[in-house]
Amino acid sequence: MTRSVPVRVLVLALAMTACEDGHVSISMLDYDRANDAYVIGAVRVATLDNVDRLEGEATTLVGGADLKVDYQDNSLTWRDSGHSVAFAATKTDGVLYPEDYDSFAMASIYHNMEVAVAFFEAVGFDTTSLGEVTTYYWPVFDLVDSRGVEDRMVDNAFYMSLGNASPAFFVLPFDQFEWVPMAMNRGILAHEYSHAVYDVLVYEPRSAGSGGLAVEASNFLSGTNEGVADFMAVGVTGDPDFIAHTIPRGTFRTQCNDTVWVEIVRDASVPITYSSSIDGFARSISPTDFCPYQVGAFVASLLYGAANTLDGHDPADRVAPSDEAVRKVAGYVLDALDEVGGQLRPTYELWDFLTLFVGRFNPGADRQGVCGLIQARYGLYFDEVQGC
Ligand SMILES: [Zn+2]
């Protein structure tokens, strides 16, 4: 990345930026929930330890990385592990105004991570258990998929475990700028953050133990992972259709390794009933070819509806649930996942998660509400859900 400001001048400018309480105000792309829009405005950033390098409690940004991931042999090759980034800004009336696009984007990304961390802390997850979180900004990222097709990735943002308990987020170069880039979409980054949390709660306790998972177990686990991630993103943003700011309605893309073009819709407020076709797909496709988003959309929609039932609303009315109800459900989900990870069966089924989930609801009206919802949407296996 080229910078227009010499480093020495930058450091002098930033020496004036930190407020006494450790907060800094930075002009960035921010989600305005009241208007459901992304707007540029001054935002208080609370957790930066080093403003000029964008290092803080939420994450450390790293630039200039160059790597290749090969899914054929599960290898990861670093051609360059990257370096600290330089945040260039000028200060006016107490607000830092980024001087270049990268600084603007990186500040927005840092803050999105910070908001995700604050949400997970608020619903009872100890985010320090993730260890040092690194966000690779704009890396060269070559991916060889399971069919051997190599591609240099752009326009994406995702979480990837590097296998050493250090979660890493990758923000790939933006190619299309008409819409909010992936990592500047608060919901998408929150979704990715949830995957890191899921790893800690579900997959990592397991890797210490037993052998292989049944096909359907692996697929239901990845479907649960996607659904929970979407629901947590809704919790962070308050926006059930957060993805539409980046992937507008009417956008058709291929997903996973599939060659079929599908419309990308991930609106958690849309009621979804678990069907025998969703079920058959999850039970028959090999995990490397399984696309988890159908199961995921069902799970996200169910959790959103569960928040509705806590508020005493019929989910079919599609009234936005209260933040309190969403946070309660998020906390129940994390507790249930913790138990899923602690006692994971090689034949894991979606109803295992749902059994542990409904067990968190107070017996009485709360439990009845969520059980009624599960009966209506998951009738195929309602009898398998214990506690209803
Ligand atoms: Zn995901």
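Cut-offs used in this document
- Residues numbered from 1 in each chain as written.
- Predicted model: local features only at pLDDT ≥ 70, side-chain atom pairs only at ≥ 80, totals over all residues.
- Helix = DSSP H or I, 4+ residues; strand = E, 2+ residues; numbered from the N terminus.
- Contact = placed C-beta atoms within 7 Å.
- Axes fitted to C-alpha atoms, helices over the stretch in contact; angles between N-to-C directions.
- Parallel < 35°, antiparallel > 145°, perpendicular 65-115°, else oblique.
- Left-handed = near helix turned anticlockwise from the far one by under 90°.
- Core = buried A, V, L, I, M, F, W, Y, C linked by C-beta atoms within 7 Å.
- Buried ≥ 20, exposed ≤ 12 C-beta atoms within 10 Å, placed from the backbone.
- Pairing = 2+ DSSP bridges.
- pLDDT = per-residue confidence, 0-100.

Attention now goes to the overall build of the chain. Scanning the chain from N- to C-terminus turns up 9 helices and 17 strands. Within the chain, contacts between residues separated by at least 24 positions form 68% of all contacts whose residues are at least 6 apart in sequence.

Among all residues save glycine, negative phi is the norm, and among peptide bonds the norm is trans. For Asn 74, which is not a glycine, the phi torsion comes out positive at approximately 55°. Its location among the elements puts Asn 74 in the loop between strand 6 (66-70) and strand 7 (75-80). Even without being a glycine, Arg 318 presents a positive backbone phi close to 55°. Residue position: Arg 318 is located in the loop between helix 6 (293-310) and helix 7 (323-342).

Right, let's talk about the packing of helix 7 against helix 8 (residues 350-358) for a bit. Running from N to C, helix 7 and helix 8 cross one another at 130°; their axes reach a closest spacing of 8 Å. Between helix 7 and helix 8, the interaxial angle falls into the category oblique. In this structure, helix 7 meets helix 8 at a crossing whose hand is right-handed. Where helix 7 abuts helix 8, its residues Tyr 332, Val 333, Ala 336, Glu 339 and Val 340 lie against Asp 352, Phe 353, Leu 356 and Phe 357.

All right, on to the nonpolar core then. One finds Met 106, Ile 109, Ala 116, Val 171, Leu 303 and Val 333 to be the most contacted residues of the largest nonpolar core, which totals 109 residues. Here Leu 303 is in contact with Gly 227, Phe 231, Val 329 and Val 333, once residues within four sequence places are set aside.

Another aspect to go through is the sheet that holds strand 13 (residues 150-152). On the basis of which strands lie adjacent, the open sheet formed by 4 strands has the order 7-6-12-13 and mixed pairing. Edge strands, defined here as strands with exactly one partner in the open sheet, are strand 7 and strand 13. When strand polarity is set aside, the average angle formed by the axes of neighbouring strands in this sheet is 15°. Pairing of strand 6 with strand 7 involves 5 bridges; the strand directions are antiparallel. By the bridge assignment for strand 7, Leu 67 is matched with Trp 78.

Where strand 5 (residues 60-63) lies against strand 11 (residues 134-137), 4 bridges are found, and the strand directions are parallel. Its bridge partner being in strand 11, Gly 63 is matched across the sheet by Tyr 137. Where strand 11 lies against strand 15 (residues 167-171), 4 bridges are found, and the strand directions are parallel. Residue pairing for strand 15: Thr 135 is matched across the bridge by Phe 169.

Strands sit in the order 2-1-10-9 across an open sheet of 4 strands; the sheet is mixed. Bordering the open sheet on either side are strand 2 (37-45) and strand 9 (89-92), each of which pairs with just one other strand. Each strand axis lies, on average, 45° off the axis of its neighbour in the sheet, ignoring direction. Bridge count between strand 1 (residues 24-32) and strand 10 (residues 95-98): 2 bridges; the pairing is parallel. When the sheet's bridge partners are listed, Ile 26 is paired in strand 10 with Leu 96. Helix 2 (residues 101-122) contacts strand 1, strand 2, strand 9 and strand 10 of the sheet and is inclined by roughly 75° relative to strand 1.

A few words on the confidence of the model for the chain. Averaged over all residues, the pLDDT of the chain is 88; the fraction at 70 or higher stands at 87%. Considering only residues more than four positions removed or in separate chains, one finds that residues 1-17, a stretch of pLDDT under 50, has 25 contacts.

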